[in-house]
Amino acid sequence: MRAKTGGGAAAAAWPEHLATHARLVKSASPDVLYATTAMRAYLRACLPLQSLLLLRGLLPRAPRLLANSFSLSVALQACASAAAPAALGASLHACALRSGFAAADLFVRTAIVEMYAKCGRVDLARTAFDEAPRRDVFLCNVMLAAYVARCEVAEARKVFDGMRAKDLVSWNTMLHGYAVRGQVGMAREIFDGTEGRDVFSWSSMISAYAKGRRSKEALELWREMLAVGIVPDCITLVSVLAACSDLAALHIGADVHQFVESNMVELDLKLGTALIDMYAKCGDIDSAHRVFDAMPAKDVLTWSSMIIGMANHGLGHDSLRLFSKMISEGMKPNGITFIGVLIACTHVGLVSDGKKHFRSMSEEHGVEPTVEHYGCMVDLLGRAGHVEEARQLIRSMPFEPDAIIWRALLGACRIHKNVEVAEEAMAKLRVLDPLGDGHYVLLSNIYAQANSWEGVAEMRKTIKRESIQRIPGRSSIEWEKTIHDFISGDRSHPRSKEIYSMLEEMMDRLRQAGYKPMTDLVLQDIDETSKVRSLAEHSEKLAIAFGLLTTLPKSTIRITKNLRACEDCHSAIKFISLVYGRKLIVRDRNRFHHFSEGQCSCKDYW
DNA sequence: GTCACTTGAA
């Protein structure tokens, strides 16, 4: 691992530097060379604050510290890395101008530009850049990185295009600029134009795809990278795992884990957390837990990921127990941790625990609730049937309620058949999120439950009139390390014929076991038989039929869906688990459902 | 002797 991320090599020589530091602090007139060396040692060991403290302590006693260009540039680097107060950096800049180093020494000039950039003054960085009598690749790269860090990609591109000579760092920085902005197409253009691509190039491009939720392309690139013989580092693996999590590609993710086990000495914090997240999101919560237990050091994110993972698997009590353990071990929770805690309560219906934790956030842990936490509370109360209390909470909250809040209330109205509050929520949603397709379907289902067929017809008309694009339900399943996607009524799969005959057999067996199609849920204005067929061809059922075709008897089938689980499918899958003697793990938009022996882990509370 | 790549939720 490189020193910047791991710090291994620098840390090994540490006692020596401590001795140097002690000598310097005691000395009346500190030696300039020692001082510079000590500052550099701190910088290399990723301790910029120490470096800055040393600089400030020594400056009054060692004015000659700034009298040679090397020491001066190290001092500037200390300011840059520790984001020092602007005044200190500016005084070093003035010093560099007085001594003539700013003009004569490119290294000093570069350090000045970087110092201003890292202290948040890109304007001054730019001035120093423009005033440079000469510019080399390094100087340009620093300016380029400054714009990229502020997401000013257009400015970055101007610098990039203006460079007479570019090295690999220039290309990689530009690529990263597009990657963080989610401009995947531009990123790919730069990637394709890069000669001699290294781990940085590949990692950036993979993360661009992962960030843009083009996870299949991310994994394709990952394969290509291995084929070309590039050795991945921790950062590459974290991005690859993010793509696996998104796609629920458990077996590819497990390969990455295998790679880590056989090649890395110990689990890096971020990589470990990414592994936990991957296993949890791919439906294998036990493996997530094993990685968690094996990690030698954990930070808030590690704990939060595990808490959230268990919460999403409906293991509310375990999740809360882990939270208590985290607190008792002295780890300070953050806002995300509490999102996990509230989700844990929501998925199991622990209303009073949820209220208690919500109160304790600011009172005991100094974490102020955000609109997202209020969203979780509305969800928690509403789902548990306290619709009126949820409505009161929305009125009393210190934020303007957003679409997500009203959407949560609307969801509660569907479960608890509250047409009146549903209409109020819908009125708000029409303003805040007029194109969101889900609410119209929800309200329509609420009308259907209340036998208000005029209401259903009205919703159908509204969807048509306002040309709301309904997001199609999509389910996927991993087979032989490839993700197979299905949409409702899909016939595009190469094995479509087999899938449909399996589906037919499956539906017959379910009906014999007592399954009844919930045709009321079908929004289209079609006859009963067509409604039954429409339900039977839901994407979940197609994916499961494919799973039954391709997996061994008794093995677990894992399905991922982009929307909330459909009620008819939820009921059908319970029958499937019984009739076929299979475990099925379904990830929907919100949580996991573990089906076994005719029951679901959510106990129909979701 | 400097510059570039990363995770958590609704």
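Residues numbered from 1 in each chain as written. Chains lettered and ligands numbered in written order. Predicted model: local features only at pLDDT ≥ 70, side-chain atom pairs only at ≥ 80, totals over all residues. Heavy atoms only, no water.

(A) Region of interest: the overall build of chain A. The helix and strand tally for chain A stands at 33 helices and six strands. Counting only C-alpha atoms and orienting by the principal axes, one finds that chain A spans roughly 90 × 55 × 50 Å. Summarising the internal contacts of chain A: among those between residues at least 6 apart in sequence, 63% fall at separations of at least 24. Within the structure as shown, chain A displays about 28,900 Å² of accessible surface, and the carbon and sulfur contribution to it stands at 54%. In chain A, the 74 positive side-chain charges and the 69 negative ones have mean positions that sit 3 Å from each other. (Helix = DSSP H or I, 4+ residues; strand = E, 2+ residues; numbered from the N terminus. Contact = heavy atoms within 4.5 Å. Areas by Shrake-Rupley, 256 points an atom, 1.4 Å probe, with all protein chains shown as cover. Lys, Arg positive; Asp, Glu negative; His and termini not counted. Charge placed at Lys NZ, Arg CZ, Asp CG, Glu CD.)

(B) Just the nonpolar core, in detail. Residues Leu-55, Met-143, Met-205 and Leu-409 are the most contacted members of the largest nonpolar core, which totals 158 residues. Counting 32 residues, the second-largest nonpolar core is a separate cluster that includes Ile-499, Tyr-500, Ala-543 and Trp-606. (Core = buried A, V, L, I, M, F, W, Y, C linked by side-chain atoms within 4.5 Å. Buried < 20%, exposed > 50% of the residue type's maximum accessible area, 1.4 Å probe, protein only.)

(C) Just the UniProt feature "repeat: PPR" (unreviewed entry) in chain A, in detail. Per the UniProt record, "repeat: PPR" (unreviewed entry) is annotated on residues 136–170, 198–232 and 299–333. Across residues 198–232, helical content stands at 77% and strand content at 0%; the span's end C-alpha atoms are separated by 9 Å. (UniProt positions renumbered as here; feature names shortened; annotations may be inferred.)

(D) Broad picture of the state of the cysteines. Scanning the entire structure with this criterion turns up zero disulfides. No disulfide involves Cys-413; its nearest neighbouring cysteine sulfur is the one of Cys-376, lying 18 Å away. Relative accessible area serves as the criterion here: at 0%, Cys-413 is assigned to the buried category. (Disulfide = S-S within 2.5 Å.)

(E) Region of interest: the protein's contact with DNA strand B. Near DNA strand B you find 41 residues, and of these Phe-107, Phe-138, Asn-141, Leu-301 and Asn-334 are the closest. Within 4 Å of the protein, the contacting atoms of DNA strand B are 43% sugar and phosphate, with bases supplying the remainder. The contact in question runs from a sugar or linking oxygen of DNA strand B to an N or O atom on the side chain of Thr-173, over 3.3 Å. Between a phosphate oxygen of DNA strand B and a side-chain N or O atom of His-176, the distance comes to 2.9 Å. (Near = heavy atom within 4 Å. Polar contact = N/O pair within 3.5 Å; in protein donor to acceptor, adjacent residues only side chain to side chain.)

(F) The arrangement of the pattern of salt bridges in detail. By the definition in use, this model includes 28 salt bridges. Linking Lys-118 and Glu-114 is a salt bridge whose minimum nitrogen-to-oxygen distance equals 2.8 Å. Here Glu-114 and Lys-118 lie together in helix H8 (residues 106–118), a separation of four residues that amounts to about one turn. Residue Glu-114 is classed as partly exposed on the basis of its relative accessible area, which comes to 24%. Of the charged contacts, one joins Asp-161 and Arg-157 as a salt bridge, the two residues approaching to 3.1 Å between their closest N and O atoms. (Salt bridge = Lys/Arg side-chain N within 4 Å of Asp/Glu carboxyl O.)

(G) Representation of the packing of aromatic side chains. Enumeration over the complete set of coordinates arrives at nine aromatic pairs. Between Trp-479 and Phe-546, the ring centres sit 5.8 Å apart and the planes meet at 90°, which makes this aromatic pair edge-to-face. Residue Trp-479 is located in strand S1 (residues 474–479), and its partner Phe-546 is located in helix H32 (residues 539–550); the two are separated by 67 residues in the primary sequence. Note on Tyr-515 and Phe-575: the rings are 6.2 Å apart at their centroids and 70° apart in plane angle, and the pair reads as edge-to-face. Placement of Tyr-515 in the loop between helix H30 (496–513) and helix H31 (528–536) and of Phe-575 in helix H33 (residues 567–579) is noted, with a sequence separation of 60 residues between them. (Phe/Tyr/Trp six-rings, centres within 6.5 Å; stacked < 30°, edge-to-face > 60°.)

(H) Local environment of the domain arrangement of chain A. For chain A, the assigned domains are domain 1 (1–134), domain 2 (298–364), domain 3 (370–470) and domain 4 (474–600). Between domain 1 and domain 3, the C-alpha centre-to-centre distance is 57 Å. (Domains from an automatic or database assignment.)

(I) Up close: the side chain of His-93. Positionally, His-93 belongs in helix H6 (residues 86–99). For His-93, a relative accessible area of 13% corresponds to the buried category. Setting aside chain neighbours within four positions, we find His-93 in contact with Ile-112 and Tyr-116.

(J) Fine view of the environment of Ser-362. Relative to the assigned elements, Ser-362 resides in helix H23 (residues 351–365). Look at Ser-362 and you get partly exposed, because its relative accessible area is 30%. Separated by 310 residues in sequence, Ser-362 and Leu-52 have C-alpha atoms that sit 34 Å apart. Excluding residues within four positions of it along the chain, Ser-362 makes contact with Val-367, Glu-368 and Pro-369.

(K) Local environment of the pairing of strand S5 (residues 592–596). For strand S4 (residues 584–587) and S5, the ladder comprises four bridges, and the chain directions are antiparallel. Of the residues in S5, the one forming a bridge with Ile-585 is His-594. Turn length for the S4-S5 hairpin, with the two strands adjacent in sequence and antiparallel, is four residues. (Pairing = 2+ DSSP bridges.)

(L) The packing of helix H19 (residues 285–294) against helix H20 (residues 300–312), seen in detail. Remark: H19 packs on H20, axes separated minimally by 11 Å, with the N-to-C direction vectors making an angle of 160°. Looking at the two axes, H19 sits roughly antiparallel to H20. Relative to H20, H19 is oriented so that their crossing is left-handed. Here Ile-285, Ala-288, His-289 and Phe-292 of H19 come into contact with H20, specifically with Thr-302, Trp-303, Met-306, Gly-309 and Met-310. Classifying every residue of the contact of H19 with H20 by side-chain character gives six nonpolar, three polar and no charged. (Axes fitted to C-alpha atoms, helices over the stretch in contact; angles between N-to-C directions. Parallel < 35°, antiparallel > 145°, perpendicular 65-115°, else oblique. Left-handed = near helix turned anticlockwise from the far one by under 90°. Nonpolar A, V, L, I, M, F, W, Y, C, P; charged D, E, K, R; others polar.)

(M) Structural view of the sheet that holds S4. Pairing is mixed across the open sheet formed by six strands, whose spatial order is S2-S1-S3-S4-S5-S6. Each of the sheet's edge strands pairs with one partner strand only, and the pair in question is strand S2 (482–487) and strand S6 (599–600). With two bridges joining them, S1 and strand S3 (residues 557–561) adopt antiparallel strand pairing. Each residue of the ladder has a partner; that of Ser-475, found in S3, is Lys-561.

(N) Quick peek at the environment of Ala-513. Looking at where Ala-513 falls in the secondary structure, it is placed in helix H30. Owing to a relative accessible area of 37%, Ala-513 belongs among the partly exposed residues under this scheme. Residues Ala-513 and Leu-578 lie 65 residues apart in sequence; the distance between their C-alpha atoms is 8.9 Å. Leave out the neighbours within four places in its chain, and Ala-513 touches Phe-575 and Val-579.

(O) Structural view of the side chain of Ser-539. With respect to the helices, strands and loops of the structure, Ser-539 is situated in helix H32. For Ser-539, a relative accessible area of 2% gives the class buried. Ser-539 has contacts with Gly-473, Arg-474, Ser-475, Phe-486, Ile-487, Ser-488 and Lys-561, leaving out every residue within four places of it along the chain.

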